[in-house]
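Here is what each chain is made of, one letter per residue.
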Amino acid sequence: MSDSITLSDDLIHGVYNVIVQHDADVEKNMMLALQYLAAISGYLAAGHPGGSNERDEVIDQLAAFAKHVAAQEAEDLAGQQQSAPAAPRGQSVQTDDPAVGIWKPE
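Residues numbered from 1 in each chain as written. Predicted model: local features only at pLDDT ≥ 70, side-chain atom pairs only at ≥ 80, totals over all residues. Heavy atoms only, no water.

What to know about the nonpolar core
Condition: Residues grouped as a nonpolar core are buried Ala, Val, Leu, Ile, Met, Phe, Trp, Tyr and Cys residues, joined through side-chain atoms within 4.5 Å. When accessible area is computed with a 1.4 Å probe and restricted to protein chains, residues below 20% of their type maximum are described as buried, those above 50% as exposed, and intermediate ones as partly exposed. Numbered from the N terminus, helices here are DSSP runs of H or I no shorter than four residues, and strands are runs of E no shorter than two. Contacts were defined at the residue level, with two residues in contact if any of their heavy atoms lie within 4.5 Å.
By size, the foremost hydrophobic cluster in this structure holds five residues: Ile19, Val20, Val26, Leu32 and Ala33. Taken together, the elements giving at least two residues each to this core come down to helix 1 (9-22) and helix 2 (30-45). The residues contacting Val26, other than those within four sequence positions of it, are Tyr16, Ile19, Val20, Leu32, Ala33 and Tyr36.

Shown next, in the form of structure tokens:
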């Protein structure tokens, strides 16, 4: 496997959008999107040179890599949520000028 890959929001959203174009139910069911991605990985892994043991090892490595990426992303998201200041609670009261409002804390 490669020493490193580069994920970007554009890449992730592009792949996701292609799957949604194929099956609109994916937008309502993230598990379905994950099933498509797993099926695509399995389909591509079927063409891996070598015997079934080698192919199974590659699939196991991919599963472990997916777990690693998911854990890292979850950790990054948790860190972002903790470091972001809490949004102030309240409401904006409309004024005569539609471009201006008055913020009233709760």
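Focus: the side chain of Asp23
Put simply, the rule is: Positive: Lys, Arg. Negative: Asp, Glu. His and the chain ends are not part of the count. Salt bridge criterion: a side-chain nitrogen from Lys or Arg within 4 Å of a carboxyl oxygen from Asp or Glu. Residues adjacent in sequence count toward polar contacts only when both atoms are side-chain atoms; beyond that, a polar contact is any pair of N or O atoms within 3.5 Å, and within protein one must be able to donate a hydrogen and the other to accept it.
Structurally, Asp23 can be placed in the loop between helix 1 and helix 2. Buried within the structure, Asp23 lacks any salt-bridge partner; its nearest side chain of opposite charge belongs to Lys28, at an N-O separation of 7.7 Å. Among the polar contacts listed, one links the side chain of Asp23 to the side chain of Tyr36, at a separation of 2.8 Å. If we skip the residues at most four places from it in the chain, Asp23 touches Leu32 and Tyr36.

Describing helix 2
Our working definition: The span you would expect from a helix comes to 1.5 Å times its residue count less one.
Helix length check: helix 2 (16 residues) gives 23 Å between terminal C-alpha atoms against 22 Å at 1.5 Å per residue, within 8%. Along helix 2, the residues that are buried comprise Leu32, Ala33 and Ala45. The N-cap of helix 2, judged by a side-chain oxygen 3.1 Å from the amide nitrogen of Met31 a few residues on, is Asn29.

So, a negative patch on the surface
Spelled out, the test is: Patch members must show over 30% relative accessible area and no salt bridge, and they are joined within 9 Å when carrying like charges or within 5 Å when they are nonpolar side chains of Val, Leu, Ile, Met, Phe, Trp or Tyr. Values of accessible area rely on a 1.4 Å probe in the Shrake-Rupley scheme; residue burial ignores everything except the protein chains shown. To locate a charge, take NZ of a lysine, CZ of an arginine, CG of an aspartate or CD of a glutamate.
Together, Asp9, Asp10, Glu73, Glu75 and Asp76 make up a region of like negative charge exposed at the surface. Contributing elements (two or more residues each) for the negative patch: helix 1 and helix 3 (52-83). The leading source of residues in the negative patch is helix 3, at three residues. Within the secondary structure layout, Asp76 lies in helix 3.

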